[in-house]
Amino acid sequence: MLVPTPAHSALGACLSYLGPRPLPSGTLVRVPLGHRTVLGVVWNAAVDPGPAVGPALRPVQEVWHALPPLPQDWCALVDFAARYYQRSLGEVALAALPPALRALDANQLQRRLQRLPQASPAQPPASGPPLTDDQRRALDALDSAGRPVLLFGATGSGKTEVYLQACARILQDDPAAQALVLVPEINLTPQLEERFRARFGEAVVTLHSGLTPAQRLRHWLLAHLGQARVVLGTRTAVWASLPRLRLIVVDEEHDPSYKSQEGARYSARDLAVVRAHLLSAQGCRVVLGSATPSLESWYAAERGRYLRVDLPDRMGGAVRPTLRLLDLRQHPRDTLLAPALLQAIQQRVAQGEQALLLLNRRGYAPVVACGDCGWKSGCPHCSAYLVYHKAQRLLRCHHCGHAQAVPRACPGCGNVDLAPLGRGTERLQEHLHTVLANLTRADGNPVRIGRLDADTARTPQALQELLGAVHRGDIDVLVGTQMVAKGHDFRRITLVAAINPDDALFAADWRAPERLFALLLQAAGRAGRDAAFVADRRSAVELWVQTTAPHHPLFAALARHDYPGFAAQQLAERCKAGMPPFVHQALLRAEARQLDTALAWLAWAAQQTQDLPGRAQVTLYAPVPMTMVRVAGVERAQLLLESASRPALQALLAAWLPRLHAGRSLPQARGLLRWAIDVDPLGY
Ligand code: ADP
Ligand code: ZN
Ligand code: ZN
C-alpha cells in the first residue's frame, strides 16, 4: 500500500495493511496511519516493504470500489518517476492525485460521483480545415514513426491543427481512446482551449492550477472514468489517470515550466515520452511541438531517437518579421527607447496597428540607489535587490515577498536623492505615456498603453480583461514580461520590440541564450499573424531588438529565423565543453541558516560516494554557493554531479540516497534545514 509518509521519515512509503481480500494494484483505499486516516494506493509490485509498523498489521478502512483502480501504466509511470527522480513512491503517487481526492471518504466520493454529468454518447469531432501536404505528412508520421515525433514549425505554421486532427483521428479509430495535450500555460492562451472545445465539445476537460480544487477533482474523475476524451492541461496533467490513453501532445515542449521546481523535480515533457513508451504496445503516440525545440529534443532527433517533422511555412502567408537591431552603445546609458524605435512605434499606432514591447522585468526599477554613498536597496533576507514598485510606493523582493516603504532618505548617508536604477515594465509604461502623449489613434482617441505582467494579471479575471482589450484593439501598445510572448493571437500587431534582452546574453546560466532565442522568436511570432491585415498596410512587420551586443551570433541566427543554425552552433559549443545534452547532470542542493553548514554537509555527502556503483563514471564538482545564495534568510549551496552515462549516474544516486537519509543524525547534518536531489536540473 502506498501512503504519504514524509519524504525523509524512517518509515518507508510502502506499508502493509490487512485487506478484506487481495486487491488489484492501483485500487484506492483509506487506511490508518498513526492517528489519522489517509488515502492510499494498493501497490502489489515488489517494492521494498519498509519496516513493519507495530506488531500487528492494521486493517484497511475503506476500499473505494466505486472507482476503477488506477491504470497499470499510471502505476508504472509513478514507479519510474520515483526511481528516476529519487523520491519515495508514496510521495510521488499521492502528489500525482488531485488534492481534493485525498480529503474525501467513501461517502463523499459517492456524492461527487453522483454529481458528475451522465456519460453522453460520443459526438464525432467537428471537422477541421483540409490539411496542407506538410501537415498531412506530420500526421502520418505520427502513425508510422514508432518513436516520439518532434514537430518543428514556426508560430502559425499549423502545429495546433495537426494536434487537433491527430486527436480526432485516434478518437474516431477507437470509441474509448483518450488524448492528453500538455501546454505550458492555459490562462495565457484561452484561444487554444476554445479551439479544442470547438472541435471536441464536451469531451474536453482541462487540468491546471487555475481551477478550484472541486473543479479539478471533477475533471480528474471524468478523465479517470474515461468520460473525458481529451485532457488539456499544464505540467501536473501528465499525471492524469487515463485508462485508454492513445496520444500525448506536448506543445511548446522547450518551455521551462514543464520542469517542476519542488518535490520530485520531474520534467513533464520527459515523463510524457516515458508514458507513451510504457503504452507503446497499445499504440500510444507522442508528439513534441515547438518553433524552438529544447536542445535535448533537437539532439534526440539528430540521433534518430525522435523523428523530426518540419512545418516550414507560416499558414495563410503570414509574414515573418524582419529583425532590426539597435545598438544601445550609441545612445545615452539610460535610454529606454532609442529614437528610431520610438518613431516606428508612433508610426504604427497612428496607422491603427499595434506594438508589443517585451521587457523581462516587472516593477518600476530593479533597484533604488544612492548616488552619493553607493547604497542600494538590498533585501534583508535575500541576496537580491528590492524592486521599486512606483504605483504602490513599495520596495518589494521578488524572491521572498518582503515589502517595505521607500525610504525618504538614504539609510547609508541621509541623502534625500535616491534614484531608481534600470528599467521595469512599470517605468516603460510611464515613459510611453509621456512620449506618446501628443499622439492620437486613427479614430481620434488618445493612445492606450497596456501592461501585462504578474502585477497587472494578478487574478485570472484581470488577465482575461486585459487580453480581451488587446484583442478588441482597445490597446495600442502592450508592454509586458515574457508573458506577452506566449500564445496570444493578437491580430493587429506589426511591431514587436525587445527593450533590453542583454541580461540573458551574459547570464551565468549557460542555458540563457537558448531561452532568449526561444523567447525572441516566440515574441516575433506574435507579429504579422493576420496576413490579410498586414497585406494592406504600408509598414513592414518587424522585430526590433535593443542591445549592446548587436554582433552576437545569436542575433545573426535570429535574423535568418534560423533555429537549426542556432541549435547546431549551441550543440557544437556544448559538445566541446562537455555539457548537456552530451552529459547528464544531477544536483544535490542543501539549505541551512549558515552557508558553511550547507557547504560542509555537501562535502561530507561527496565523500560518501567513494565506493558507490557508477562512481568511476561520474564527475563530482566541488560544493559551491548557489548563484543566488540567500533566499528568505536561508543560505543555499549545491553539488553538481555529471556523467556521460545516465545508468551510471542513476546507479550512484540510488545507492547514495539511503546513506544521506541515514546520515540525518550525524553531526555533519546539524543545522541543515533541507536537502534535495534535482535530476536533469534546468537552472543553477
Ligand atoms: P501553430 O500552432 O503552429 O501556431 P496553428 O495551428 O494555430 O499554428 O495555425 C495557424 C493558423 O492557421 C490558425 O489560424 C489556423 O486556424 C490556421 N490553419 C492551420 N492549419 C490550416 C489548414 N490546413 N488550412 C487552413 N487554415 C489552417
Ligand atoms: Zn547614501
Ligand atoms: Zn527577499
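Residues numbered from 1 in each chain as written. Chains lettered and ligands numbered in written order. Predicted model: local features only at pLDDT ≥ 70, side-chain atom pairs only at ≥ 80, totals over all residues. Heavy atoms only, no water.

(A) Broad picture of the overall build of the protein. Looking only at helices and strands, the protein features 20 helices and 26 strands. Taken over C-alpha atoms, the radius of gyration comes to 27 Å for the protein, in line with the 26 Å a tight globule of 684 residues would show. Dimensions of the protein along its principal axes, counting C-alpha atoms only, are 80 × 65 × 50 Å. The buried share of the protein, taken over its 684 residues, is 55%. A separation of at least 24 residues holds for 76% of the contacts in the protein among residues at least 6 apart in sequence. Here the protein displays about 29300 Å² of accessible surface, and carbon together with sulfur accounts for 52% of that area. In the protein, which carries 74 positive and 57 negative side-chain charges, the distance between the mean positions of the two groups comes to 4 Å. (Helix = DSSP H or I, 4+ residues; strand = E, 2+ residues; numbered from the N terminus. Rg over C-alpha atoms; globule rule 2.2 N^0.38 Å. Buried < 20%, exposed > 50% of the residue type's maximum accessible area, 1.4 Å probe, protein only. Contact = heavy atoms within 4.5 Å. Areas by Shrake-Rupley, 256 points an atom, 1.4 Å probe, with all protein chains shown as cover. Lys, Arg positive; Asp, Glu negative; His and termini not counted. Charge placed at Lys NZ, Arg CZ, Asp CG, Glu CD.)

(B) Representation of helix α13 (residues 460-472) within the structure. The end-to-end C-alpha distance of α13 is 18 Å, a good match for the 18 Å that 13 residues give at a rise of 1.5 Å each. Taken together, the buried positions of α13 are Leu463, Leu466, Leu467, Gly468, Ala469 and Val470. Tucked into the core, α13 has its buried residues touching α7 (190-200), β12 (354-358), β18 (449-452) and β19 (477-480). Gly473 occupies a position one or two residues after α13 and carries a positive phi of about 85°. (Expected span 1.5 Å × (residues − 1).)

(C) Quick peek at the environment of Arg593. Tracing the chain through its elements places Arg593 in the loop between β22 (584-592) and α19 (595-607). Along the sequence, Arg593 and Leu672 sit 79 residues apart, while their C-alpha atoms lie 7.6 Å from each other. In this structure, Arg593 is in contact with Ala632, Gly633, Val634, Glu635, Gly671 and Leu673, ignoring residues within four places of it in sequence. For Arg593, the side chain forms a polar contact with the main-chain oxygen of Gly633, separated by 3.1 Å. (Polar contact = N/O pair within 3.5 Å; in protein donor to acceptor, adjacent residues only side chain to side chain.)

(D) Layout of the site of ligand 1. Close to ligand 1 lie 15 residues, the nearest being Pro130, Gln135, Gly156, Thr160 and Arg195. Side-chain polar atom of Thr160 to an oxygen atom of ligand 1: 2.5 Å apart, as the coordinates give it. Between an oxygen atom of ligand 1 and a main-chain N or O atom of Glu161, the distance comes to 3.0 Å. Taking 560 Å² as the accessible area of ligand 1 by itself, protein coverage stands at 74%. With three residues, the top contributor of residues to the shell around ligand 1 is helix α6 (residues 159-173). Looking at the shell around ligand 1 residue by residue, the classes come out as five nonpolar, seven polar and three charged. (Near = heavy atom within 4 Å. Nonpolar A, V, L, I, M, F, W, Y, C, P; charged D, E, K, R; others polar.)

(E) Fine view of the coordination of the zinc ion (ligand 3). Here the zinc ion (ligand 3) is held by the protein donor atoms Cys379 (SG), Cys382 (SG), Cys397 (SG) and Cys400 (SG), which lie 2.2 to 2.4 Å from it. Given four donor atoms and angles of 106 to 112° at the metal, the environment of the zinc ion (ligand 3) is assigned as tetrahedral. Between the donor residues of the zinc ion (ligand 3), the gaps in sequence give the motif C-x2-C-x14-C-x2-C. For Cys382, a relative accessible area of 4% translates into the label buried. (Donors = N, O, S within 2.8 Å, 3.2 Å for Na, K, Ca; no water. Tetrahedral: all angles 85-135°; square planar, octahedral: opposite > 155°, others 65-115°.)

(F) Geometry of the side chain of Glu353. Of note, Glu353 is situated in the loop between α11 (339-350) and β12. Polar contacts involving the side chain of Glu353 include one to the side chain of Gln351, which spans 2.8 Å. A polar contact is formed between the side chain of Glu353 and the side chain of Thr494, at a distance of 2.7 Å.

(G) Main features of the coordination of the zinc ion (ligand 2). For the zinc ion (ligand 2), every protein donor is listed as Cys370 (SG), Cys373 (SG), Cys410 (SG) and Cys413 (SG), and the spread of their distances is 2.3 to 2.4 Å. Taken together, the four donor atoms surrounding the zinc ion (ligand 2) define angles of 102 to 115° at the centre, an arrangement classified as tetrahedral. In the primary sequence, the donor residues of the zinc ion (ligand 2) line up as C-x2-C-x36-C-x2-C.

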